[in-house]
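If you want the building blocks of each chain, they are given just below.
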Amino acid sequence: MNEIKSIISDIQEGNIKPIYFLMGEEPYYIDKISDYIEENVLEEAEKGFNQVVMYGRDVSIEEIVSSAKRFPMMAERQVIIVKEAQDLSRSIDKIESYAENPQPSTVLVFNYKYKKLDKRKKAYKAIAKNGLIYESKKLYENQVSDWIRRVLSGRKFNIEPKAAQMLVEFLGTDLSKISNELDKLTTVLPAQTIITDKHIEENIGISKDFNNFELRKAVGQRDVVKANRIINYFAQNPKNNPLVMTISLLNSFFTQLLMYHGLRDKSKSSVARSLGVNPYFVDEYVVAARNYPMRKVSQIITLLRDADVKSKGVGANQTHADILKELLFKVLH
């Protein structure tokens with residue numbers, strides 16, 4: 001986020017590059033920078049003649065370069081934004097000659113999502129020398145809760161660890177989806193609110209009692225009654241609780257539990273750091289480790305892999321609900 005702030009700050013101060021090549025696996029920040037340039041570099045009256053949005057599937061590099069070489073009309077700059085520029089991946093190296101000598105009055109922005117330029121290529125080096133290359137990296141799942149907290153803190157909100165984890169488990173690591181839900185929360189709740197699991201349930205529709213977070217906790221505690229109550233709820237609401245996500249989260253939990261068993265230093269801070277979890281959740285691993293010795297954890301990981309294969313229709317004719325019930329029976333007994 002600091003790199004994003006630095007890029008935006010430079011633009012605000014008038015230190016604007018002739019080329020912005022925004023690439024990488026996480027589209028959220030690519031869109032953020034591109035949208036900021038689109039909305040702020042030119043005055044509203046200048047945009048009609050001097051701002052163009054192109055799409056990679058519809059244009060060639062030659063057409064982009066031809067437009068970039070034009071001079072602005074009654075303005076200091078023109079802005080050209082190439083969205084979905086990854087569709088030009090086969091010919092993107094042709095931008096090299098323009099990048100070596102870009103038109104100083106043009107701001108050329110490439111939104112090159114889910115891919116990246118080869119750093120060894122001349123095109124990369126030319127853009128890096130005369131423009132700006134930003135790589136937007138996908139966050140790991142254990143980093144997203146911290147990202148949520150930082151975003152909310154910037155808006156003068158706070159969030160409880162369980163509430164943040166519910167968002168991650170329900171929405172995954174898609175920052176755009178999560179950002180949309182945070183927008184909803186910060187619109188309906190007053191500033192300074194500490195967002196709880198109840199707020200998540202009331203405003204986003206994720207049950208605070210029947211979710212993968214609570215299932216993981218129940219399994220860790222070997223609470224058979226609670227675990228079965230949750231999976232029965234999942235069976236009745238399969239669209240909101242896909243089996244593939246449940247298996248993935250349980251697999252992550254037991255993989256981390258296997259790591260926990262191997263740790264020499266089991267202090268809360270060391271465990272949190274080693275497992276990549278919030279210290280708030282460390283007690284769950286302590287309890288689960290008592291209930292599941294290392295050998296049992298290894299067996300469960302094998303069970304989870306088998307269930308994952310079955311969930312994809314390989315070697316089983318069971319419904320997803322039956323696969324989950326069978327899995328939980330074997331895990332808990």
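Conventions and cut-offs
- Residues numbered from 1 in each chain as written.
- Predicted model: local features only at pLDDT ≥ 70, side-chain atom pairs only at ≥ 80, totals over all residues.
- Heavy atoms only, no water.
- Helix = DSSP H or I, 4+ residues; strand = E, 2+ residues; numbered from the N terminus.
- Buried < 20%, exposed > 50% of the residue type's maximum accessible area, 1.4 Å probe, protein only.
- Contact = heavy atoms within 4.5 Å.
- Areas by Shrake-Rupley, 256 points an atom, 1.4 Å probe, with all protein chains shown as cover.
- Lys, Arg positive; Asp, Glu negative; His and termini not counted.
- Charge placed at Lys NZ, Arg CZ, Asp CG, Glu CD.
- Patch = residues over 30% accessible without salt bridge, like charges linked within 9 Å, V, L, I, M, F, W, Y side chains within 5 Å.
- Salt bridge = Lys/Arg side-chain N within 4 Å of Asp/Glu carboxyl O.
- Pairing = 2+ DSSP bridges.
- Polar contact = N/O pair within 3.5 Å; in protein donor to acceptor, adjacent residues only side chain to side chain.
- UniProt positions renumbered as here; feature names shortened; annotations may be inferred.
- Axes fitted to C-alpha atoms, helices over the stretch in contact; angles between N-to-C directions.
- Core = buried A, V, L, I, M, F, W, Y, C linked by side-chain atoms within 4.5 Å.

A few words now on the overall build of the protein. The secondary structure content of the protein amounts to 17 helices and 7 strands. Projected onto its principal axes, the C-alpha coordinates of the protein cover approximately 75 × 50 × 40 Å. The buried share of the protein, taken over its 333 residues, is 47%. A sequence separation of at least 24 residues applies to 75% of the contacts in the protein between residues at least 6 apart. Counting every atom, the protein has about 17,300 Å² of accessible surface; 49% of that belongs to carbon and sulfur. The protein carries 49 positive and 43 negative side-chain charges, and their two centres are separated by 7 Å.

Here the focus is a nonpolar patch on the surface. Together, Phe49, Met73 and Met74 make up a nonpolar patch on the protein surface, roughly 400 Å² of accessible area in all. In this fold, methionine 73 is placed in the loop between helix 4 (61-68) and strand 3 (78-83). We classify methionine 73 as partly exposed; its relative accessible area is 45%.

We now examine the pairing of strand 1 (residues 19-24). Within strand 1, 6 of the 6 residues are buried, which leaves it mostly tucked inside the rest of the structure. Sheet analysis places strand 1 next to strand 4 (residues 106-113), joined by 6 bridges and oriented parallel. Bridging across to strand 4, glycine 24 finds its partner in lysine 113.

Secondary-structure assignment places glutamine 78 in strand 3. Classification of glutamine 78 as buried rests on a relative accessible area of 6%. At 3.0 Å, the side chain of glutamine 78 and the side chain of threonine 106 are in polar contact.

Once that is clear, we can look at the pattern of salt bridges. Using the criterion set out here, one finds 22 salt bridges in the structure. A salt bridge links lysine 121 to aspartate 93; the nearest nitrogen and oxygen atoms lie 3.2 Å apart. Taken together, the residues span a long stretch of sequence, with lysine 121 in the loop between strand 4 and helix 6 (122-130) and aspartate 93 in the loop between strand 3 and helix 5 (96-100) at a distance of 28 residues. Lysine 226 is paired through a salt bridge with glutamate 214; the nearest N and O atoms lie 2.8 Å apart. Here lysine 226 is found in helix 12 (residues 224-236), whereas its partner glutamate 214 is found in helix 11 (residues 212-220), with 12 residues between them in sequence. A relative accessible area of 23% places lysine 226 in the partly exposed class. For glutamate 214, a relative accessible area of 6% gives the class buried. Within this structure, Lys162, Asp197, Glu214 and Lys226 form a network of salt bridges that share partners.

Per the UniProt entry, the sites bearing "domain: DNA polymerase III delta N-terminal" (unreviewed entry) are residues 20-134 in this numbering. Between the C-alpha atoms that bound residues 20-134 there is a distance of 8 Å. The span itself is 37% helix and 23% strand.

Moving on, we come to the sheet that holds strand 3. Taken in spatial order, the 5 strands make up an open sheet running 2-3-4-1-5, and their pairing is parallel. Of all the strands in the sheet, just strand 2 (51-55) and strand 5 (132-135) have a single pairing partner and so form its edges. With direction set aside, neighbouring strand axes in the sheet form an average angle of 15°. Judged from the 4 bridges that link them, strand 1 and strand 5 form a sheet pairing that is parallel. Considered in strand 5, the bridge of tyrosine 20 is made with leucine 132. Taken strand by strand, helix 2 (residues 27-40) contacts strand 1, strand 2, strand 3, strand 4 and strand 5, and its axis lies near 160° from that of strand 4. Contacts between helix 6 and the sheet are confined to strand 1 and strand 5, with strand 5 contributing the most and set at about 110° to the helix.

What follows covers the nonpolar core. Most often, soluble globular proteins have nonpolar side chains that are buried together. Counting residues in hydrophobic clusters, the biggest one holds 44 residues, and the most contacted among them are Tyr20, Ile37, Trp147, Ile148, Leu167, Leu182 and Ile200. Setting aside chain neighbours within four positions, we find isoleucine 148 in contact with Ile159, Ala164, Leu167, Val168, Ile178 and Leu182.

Bringing the environment of lysine 83 into the picture now. Residue placement: lysine 83 occurs in strand 3. Taking C-alpha positions, lysine 83 is 16 Å from leucine 117, a pair spaced 34 residues apart along the chain. Residues in contact with lysine 83, not counting those within four places in the same chain, are Glu38, Val53, Met54, Tyr55, Gly56 and Asn111.

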